[in-house]
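Commentary on secondary and tertiary structure
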Amino acid sequence: MNTAAALSQPIPLPRLPFDLGALAPVISANTLNFHYGKHHKTYVDTLNNLIVGTEFADMPLESIVKATARQSDHTAIFNNAAQAWNHAFYWKSLKPKGGGEPPAELKRLMETSFGGVDQCKKELSNAAVAQFGSGWAWLVQEGEKLKIVKTPDAITPLTDAARPLLTIDIWEHAYYLDYQNRRVDYVNALIENLANWEFAAENLGKK
Ligand code: FE2
């Protein structure tokens with residue numbers, strides 16, 4: 001792998017699937033401007049710098065995340081690759097005028113796994129609030145079961161047996177400008193107003 005080829009195929013910063021102001025007032029344009037334009041972009045830029053001339057230079061993002069997970073000699077590449085992947089997944093997990101009734105198959109699995117849609121949302125909220133420090137809360141699928149998991153820092157269920165369906169970023173940069181220390185208010189407003197259950201349903205059965 002040579003440097004010129006690596007530079008010709010960098011990991012791209014994906015376009016936001018909505019306008020910067022489209023999630024307000026739950027998530028402000030100001031927050032999205034920093035979160036997407038600074039934080040997410042920096043993970044992607046740093047990753048592209050780190051993989052130049054390495055065995056990872058030609059790999060798609062998802063493969064880099066899986067190849068470097070739990071490899072102590074590739075911690076920096078993993079952290080930036082996983083954060084790049086997690087953020088792209090987070091943007092897809094949100095949509096303007098989201099929330100509401102999940103698609104039928106997802107709703108059925110929420111009922112069999114948690115006892116209902118409201119119980120699923122409550123478990124997701126509780127996990128997001130309970131995560132100590134920075135990290136992510138996830139709705140995942142394991143076989144016919146849905147589960148809620150929380151992960152610290154850049155850790156992602158993408159590298160485990162569970163299939164990610166939807167995520168909530170609970171790093172302070174995701175909510176501090178809008179909610180300061182009130183993470184619970186950010187999480188609950190997101191679940192009720194922005195959760196893209198259609199995206200979650202599209203992820204069922206894939207990986
Ligand atoms: Fe973030």
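Structure shown above.
Residues numbered from 1 in each chain as written. Predicted model: local features only at pLDDT ≥ 70, side-chain atom pairs only at ≥ 80, totals over all residues. Heavy atoms only, no water.

This part covers helix H3 (residues 61–68). Among the residues of H3, Leu61, Ile64, Val65 and Thr68 are the ones counted as buried. Buried positions in H3, seen along its axis, are confined to an arc of 100 degrees and lie on one side of it. As for H3, its buried residues are in contact with helix H2 (29–51) and helix H4 (75–92). Positioned one or two residues after H3, arginine 70 has a phi angle of 60 degrees, which is positive. (Buried < 20%, exposed > 50% of the residue type's maximum accessible area, 1.4 Å probe, protein only. Helix = DSSP H or I, 4+ residues; strand = E, 2+ residues; numbered from the N terminus. Arc of directions from axis to C-beta. Contact = heavy atoms within 4.5 Å.)

Tetrahedral coordination by four donors puts the ideal angle at the metal at 109.5 degrees, and octahedral coordination by six puts it at 90 or 180 degrees. Looking at the iron ion, the protein donor atoms are His35 (NE2), His87 (NE2), Asp169 (OD) and His173 (NE2), and they sit 1.9 to 2.1 Å from it. If you look at the iron ion, its four donor atoms make angles of 89 to 128 degrees with each other, and the shape they trace is tetrahedral. If you list the donors of the iron ion from N- to C-terminus, the spacing comes out as H-x51-H-x81-D-x3-H. A residue pair is termed long-range when its members are at least 10 positions apart, and histidine 87 in helix H4 and aspartate 169 in strand S3 (residues 163–169) qualify at 82 residues. Each member of the pair histidine 87 and aspartate 169 is classed as buried. (Donors = N, O, S within 2.8 Å, 3.2 Å for Na, K, Ca; no water. Tetrahedral: all angles 85-135°; square planar, octahedral: opposite > 155°, others 65-115°.)

An order of S2-S1-S3 is seen for the three strands of this open sheet, with the pairing classed as antiparallel. Looking along the sheet, the strands with just one partner apiece sit at the ends: strand S2 (145–152) and S3. Each strand axis lies, on average, 25 degrees off the axis of its neighbour in the sheet, ignoring direction. For strand S1 (residues 135–142) and S2, the ladder comprises eight bridges, and the chain directions are antiparallel. Bridged to tryptophan 138 within S2 is valine 149. Sitting on the sheet, helix H5 (residues 104–114) touches S1, S2 and S3, and the angle it makes with S2 is about 80 degrees. (Pairing = 2+ DSSP bridges. Axes fitted to C-alpha atoms, helices over the stretch in contact; angles between N-to-C directions.)

Bringing the environment of glutamate 192 into the picture now. Of note, glutamate 192 is situated in helix H8 (residues 183–193). Taking C-alpha positions, glutamate 192 is 14 Å from alanine 128, a pair spaced 64 residues apart along the chain. Glutamate 192 has contacts with Gly98, Gly99, Gly100 and Lys121, leaving out every residue within four places of it along the chain.

Here we take up the layout of surface pockets. Taken as a whole, the largest pocket spans an internal volume of roughly 400 Å³. The wall of the largest pocket is formed by 20 residues, among which Glu62, Trp85, Phe89, Lys92 and Leu158 lie closest to the centre. The greatest single-element share of the lining of the largest pocket, amounting to five residues, is contributed by H4. Each residue belonging to the lining of the largest pocket can be placed in one class, and the counts come to twelve nonpolar, two polar and six charged. (1 Å grid on protein atoms, 1.4 Å probe; cavity = no way out; pocket = protein on both sides within 12 Å on 5 of 7 lines; lining within 4 Å. Points joined across faces, edges and corners; volume = space filled by probe spheres on them. Nonpolar A, V, L, I, M, F, W, Y, C, P; charged D, E, K, R; others polar.)

The subject of this paragraph is the packing of aromatic side chains. Evaluated as defined, the whole model comprises ten aromatic pairs. With a centroid separation of 5.0 Å and an interplanar angle of 45 degrees, the aromatic rings of tyrosine 90 and tryptophan 91 are classed as tilted. The pair formed by tyrosine 90 and tryptophan 91 is uniform in burial state, with each residue classed as buried. Summarising the aromatic geometry, the rings of tyrosine 90 and tryptophan 136 are spaced 6.1 Å apart at their centres and angled 75 degrees between planes, so their arrangement reads as edge-to-face. Of this pair, tyrosine 90 sits in helix H4 while tryptophan 136 sits in strand S1, and the two are 46 residues apart along the sequence. With relative accessibility at 0%, the residue tyrosine 90 sits in the buried group. Feature note: the residues Tyr36, Trp85, Phe89, Tyr90, Trp91, Trp136, Trp138 and Phe199 constitute an aromatic cluster, connected by ring pairs. (Phe/Tyr/Trp six-rings, centres within 6.5 Å; stacked < 30°, edge-to-face > 60°.)

With that settled, the discussion passes to the environment of glycine 21. When you line up the elements, glycine 21 lands in the loop between helix H1 (3–8) and H2. Each C-alpha atom, one on glycine 21 and one on glutamine 71, is 39 Å from the other, the two residues being 50 residues apart in sequence.

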